[in-house]
Amino acid sequence: MEPPESARLALEAAEEIILRWDSTASEEARDKMIFEGDRQEVDRYLHAVDHIQRSISEVSIGDDQGKVNSAIQIAMARLEDEFRNILLHHTTPIETDSLIDPSSSTHSGTTSAPGGSVSGSEFDDDGDDDKDDEVDELLKRGDSSNSVSYRSTSSIREIDLIPFDEVTDLRSIAERMIAAGYLRECIQVYGSVRKSAVDSSFRRLGIEKLSIGDIQRLEWDQLEAKIRRWIRAAKVCIRIVFASEKKLCEQIFEGIGTAIDDACFMETVKGPAIQLFNFAEAISISRRSPEKLFKILDLHDALMDLIPDIDVVFESKSSESIRIQAAEILSRLAEAARGILSEFENAVLREPSKVPVPGGTIHPLTRYVMNYISLISDYKQTLNELIVSKPSTGSRYSGDPTTPDMEFTELEGKTPLALHLIWIIVILQFNLDGKAKHYKDASLVHLFMMNNVHYIVQKVKGSPELREMIGDDYLRKLTGKFRQAATNYQRATWVGVLYCLRDEGLHVSGSFSSGVSKTALRERFKTFNAMFDEVHRIQATWLIPDSQLREELRISISEKLIPAYRSFLGRFRTHIESGKHPENYIKYSVEDLETSVLDFFEGFPVPQHHLRRRSQ
C-alpha cells in the first residue's frame, strides 16, 4: 500500500533535513554543529528525526523502507556526534574559586597524628597547600561556575555540571537515540566523555592511578602524607564529584528507560571509584606496625563519616559492589586497628633493650609508650567502639614470670579500651622493672623507677581524656608507687651516711678524759666525709629531669641530713678543734652541705675545684 501523497512529501522533507546534516557527504555538515547554531534548525532537525522514526512502521517494504532505515542511521550518527560535542564542552574540572555557598559546611571526622612527610608518587605533592585549600573550598561550598542550583543534604553537595539548556538538549538527543535502539552507543559516548571529566577532577585533587601493590611498596613516611591527602580528596570525590555525576545522569536519562541513568552513572564512575578505594584498601591490608595506628584510625573515621553518603550516591543495585567494597574496607581498617593495639602491647612487653640509660633518667620506651597512649586517648570515641574485648593478661595464679599480673576485679566498670590502656601501663612498668635490674647501684634502681613512674603519672594528669579513662584510683596507685621508689632511694643512699652521725661507739666510760674517744670521733668524721664525697660525686651525675620532683627530693634529703649533721657537729666539733689538724676531719660546714645537696641530680659531674670544703 502506497502512502498518501502528503505523507510521502513530509517523509521526503524530513529525509532532506537529515541528509543535509550528513557529515559523511557534506563538508559544511562536518564543520558545523546543529546544536551550536540556530534553535529553529535544532527543532527542525529533531522533528525530522521524530518523523522518520514514526515512519518506520508506516512505510511498506521496498525502496521507502530502505531509505527510512538509511536516514535513521545517518541521523543517529549525527546525534551521537552532537551528543558527544555538547558533553565535551563541559568536561573541565570543578573550579574551586567559583563555588559560592559559604553557609554550607562539612563535618570532618579525622585527627592526625603528628609526623609524616610529603613525598612519593601516589599523589602529586607539588603545591600541596594550594591543593589542600582547594579541597577545603570544595567542601565548604556547593556550586559550579555555570549555575547556583544545587540540592544539599547534611554533607552531599550536588553541583550542576552542565547548564540547564544543554542538559535539555542532551536529554532530547538521548531520548531519540534510545528510542531508535542506540542505547549502547549513547551510554558508551556518555561514559567515555564523563569518565574523562571525572579523571580530570581526580588529577586536580591530586589522585593518581596506582595499584594496591604500588601503594604497599611505598615507605610509610611517604604514605602518611598521602593518607591525609586521600581523606580530603575522598570527601570531595564522594560528596561532590560522584554525587554531581549521579545528578547529571538523572537529569539526562531518568524516566527514559529502565535504570538507564544508573547504567550511565556506573559506566562513568565505577573505574574512578575503584581507583579511589584501592588506596584505602591497600592501607587496610598492609603490614601492621604501631606507628600506623593513628593514620589508620584517621582513615577509618573518614570512611565511617562517608559511608552514609556512599550509600546515598551508590544506592542502586548496579552500584552495590561499590557499597560492599567501602563497607569491607571499613571493617578491615577496624580489624587492623585492633590488631595493631594488640601488637603494640606485645612490643612494649617484649622490648629488649638492656643497656641502662645514663643517670637513671626517663627511658625512651617510657616516653614513647606514654606519648602513644596519650594519642590513643585522643581517639577514644572511635576506639571505644572498636575495642570490645579485655586485654589478654597474666594473673597472679598463672605463674608466668614473663607476664605481669592484672586482676580485672579491681577495675570493674572500666571500658575495654580503658583496661587496655591500664594494661599497657602495667606491662611498661613490668618491662622497666626488668631494665632497672641492669643498674649495679641499688639507689639508682630506685631513682630510675621513681623518674619513670613519675613521668607516667604526669602524662596521665596532663591528658584529661587519658586521666578520665585511667581513673583517679589507679592514678593514686601509680603516685604511691613513685613516692615509694623515692623513699626506697633515700633509704638505700642515706641510711649508711646518717649512721655515721650517731653517738653510739664514741663515748668512753671510766677514764679521766672528756668521755669521748677522739680516735673514734676522728674516724667517724673521716667515714662521713668519705661517704658523702662519694655520694655527692656520683649522684651529681644522676638526673631527675622534672625540676619539681628534683627539688622535692633535694628538700627531703636536706630535711634528714642537715639537722642530723648540725646536731652531730654541735656536740663534737670542740673535741676535734682542740686537737691537731681539725680541717682533716671537719671538711664540711652545715652551709657547705646545704650547698652541696643542690648539685644532686643535675646530670653532670661537679668539677673538683667546685667541691665545697669547710673554710679554714
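Residues numbered from 1 in each chain as written. Predicted model: local features only at pLDDT ≥ 70, side-chain atom pairs only at ≥ 80, totals over all residues. Heavy atoms only, no water.

Within an unreviewed UniProt entry, the label attached to the protein reads Exocyst subunit Exo70 family protein, and the organism entered is Rhamnella rubrinervis. What UniProt states about the protein under its Function (unreviewed entry) heading is, verbatim, "Component of the exocyst complex." According to UniProt, the comment filed for the protein under the heading Sequence similarities (unreviewed entry) is "Belongs to the EXO70 family." (UniProt positions renumbered as here; feature names shortened; annotations may be inferred.)

Asker: A description of the overall build of the protein should follow, citing residues and the corresponding values.
Answerer: From N to C terminus, the protein includes 21 helices and zero strands. Counting across all 616 residues of the protein, residues that qualify as buried make up 51%. Counting only contacts in the protein whose residues sit at least 6 apart along the sequence, the fraction spanning at least 24 positions is 80%. Per element, the accessible surface of the protein, about 28900 Å² overall, is 51% carbon and sulfur. (Helix = DSSP H or I, 4+ residues; strand = E, 2+ residues; numbered from the N terminus. Buried < 20%, exposed > 50% of the residue type's maximum accessible area, 1.4 Å probe, protein only. Contact = heavy atoms within 4.5 Å. Areas by Shrake-Rupley, 256 points an atom, 1.4 Å probe, with all protein chains shown as cover.)

Asker: Give a description of the environment of proline 563 that names residues and reports values.
Answerer: Structurally, proline 563 is set in helix H20 (residues 547-577). As for proline 563 and valine 590, which are separated by 27 residues in sequence, their C-alpha atoms are 8.8 Å apart.

Asker: Hey, could you go over the side chain of histidine 536 for me, with residue numbers and the actual values?
Answerer: Tracing the backbone through its elements, the reader meets histidine 536 in helix H19 (residues 518-539). Within polar-contact distance, the side chain of histidine 536 engages the side chain of aspartate 599 at 2.8 Å. (Polar contact = N/O pair within 3.5 Å; in protein donor to acceptor, adjacent residues only side chain to side chain.)

Asker: How would you summarise the packing of helix H1 (residues 5-20) against helix H3 (residues 39-55) if you had to cite specific residues and measurements?
Answerer: Two measures define how a pair of helices packs: the angle their axes make with one another and the distance between the axes. Relative to each other, H1 and H3 sit at 125°, their axes nearing to 9 Å. Between H1 and H3, the crossing angle belongs to the class labelled oblique. Seen from above, H1 lies across H3 with left-handed handedness. Each of Ala7, Ala10, Leu11, Ala14, Glu15, Ile17, Ile18 and Arg20 in H1 lies in contact with H3, whose residues at this interface are Glu41, Arg44, Tyr45, Ala48, Val49, His51, Ile52 and Ser55. Here the contact of H1 with H3 is built from residues that sort into ten nonpolar, two polar and four charged. (Axes fitted to C-alpha atoms, helices over the stretch in contact; angles between N-to-C directions. Parallel < 35°, antiparallel > 145°, perpendicular 65-115°, else oblique. Left-handed = near helix turned anticlockwise from the far one by under 90°. Nonpolar A, V, L, I, M, F, W, Y, C, P; charged D, E, K, R; others polar.)

Asker: Can you break down the pattern of salt bridges residue by residue, with the values?
Answerer: Taken as a whole and assessed by the stated rule, the structure comprises 32 salt bridges. The partner of glutamate 175 in a salt bridge is arginine 171, with the nearest N and O atoms 3.6 Å apart. With glutamate 175 and arginine 171 both in helix H6 (residues 164-179) and four residues apart, this pair spans about one turn of that helix. You can call glutamate 175 partly exposed: its relative accessible area is 35%. (Salt bridge = Lys/Arg side-chain N within 4 Å of Asp/Glu carboxyl O.)

Asker: An account of the packing of aromatic side chains is needed here, citing residue identities and associated values.
Answerer: All chains considered together, the criterion is met by 23 aromatic pairs. Over the ring of phenylalanine 265 we find lysine 246; its NZ or CZ atom is 5.7 Å from the centre of that ring. Directly above the ring of tyrosine 499 sits arginine 502, whose terminal nitrogen or CZ lies 3.7 Å from the centroid. (Phe/Tyr/Trp six-rings, centres within 6.5 Å; stacked < 30°, edge-to-face > 60°. Lys NZ or Arg CZ within 6 Å of the ring centre and 35° of its normal.)

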